[in-house]
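# Report on the structure
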Amino acid sequence: MTSETPRSAFVWIWLPDAVEPIVAGRLDRTADRFAFAYGRSYLERPNAVSIYGPELPLDNFEHESLDGPMPLETSAHRLRRQGRRPNLPRQHD
């Protein structure tokens, strides 16, 4: 029997004043790179918070590591670097 290294993991978060944690997104491994994406249902929550604002803003893009675990670059940053405009979701008040 061979065991395989997991290729993905769900990321759970405790929201402020919450009694239980909820799934915020998923971390996927492809070759030697990691990518994180928030779940759609998490982004639709009015009380959703960023896991780490500077590198994991609340958006519907996949966040991928550049050279190892840090720093992370979002798909939005990559589009801006390429001179393209990302289609960001509306922010909730």
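This text goes with the structure placed above it.
Now for a description of the structure that goes with this document.

### As for the nonpolar core
Generally speaking, nonpolar side chains in soluble globular proteins are found buried as a group. Judged by nonpolar contacts, Ile13, Leu15, Ala24, Phe36, Tyr38, Tyr42, Leu43, Ala48 and Leu56 together constitute the single largest core of 9 residues. Going through the elements one at a time, strand 3 (33–38) and helix 1 (40–43) are the ones with two or more residues in this core. Setting aside its immediate chain neighbours within four residues, alanine 48 contacts Leu15, Tyr42 and Leu58.

### Structural notes on the environment of glutamate 62
As for its placement among the helices and strands, glutamate 62 is situated in strand 4 (residues 62–65). The exposure class assigned to glutamate 62 is partly exposed, which follows from its relative accessible area of 38%. Separated by 26 residues in the primary sequence, glutamate 62 and phenylalanine 36 have C-alpha atoms spaced 5.7 Å apart.

### A short note on the pattern of salt bridges
All chains considered together, the criterion is met by 1 salt bridge. A salt bridge links arginine 26 to aspartate 28; its shortest N-O distance comes to 2.9 Å. Its relative accessible area of 39% is what places arginine 26 among the partly exposed residues.

Reading the values: rules and limits
Residues numbered from 1 in each chain as written. Predicted model: local features only at pLDDT ≥ 70, side-chain atom pairs only at ≥ 80, totals over all residues. Heavy atoms only, no water. Core = buried A, V, L, I, M, F, W, Y, C linked by side-chain atoms within 4.5 Å. Buried < 20%, exposed > 50% of the residue type's maximum accessible area, 1.4 Å probe, protein only. Helix = DSSP H or I, 4+ residues; strand = E, 2+ residues; numbered from the N terminus. Contact = heavy atoms within 4.5 Å. Salt bridge = Lys/Arg side-chain N within 4 Å of Asp/Glu carboxyl O.

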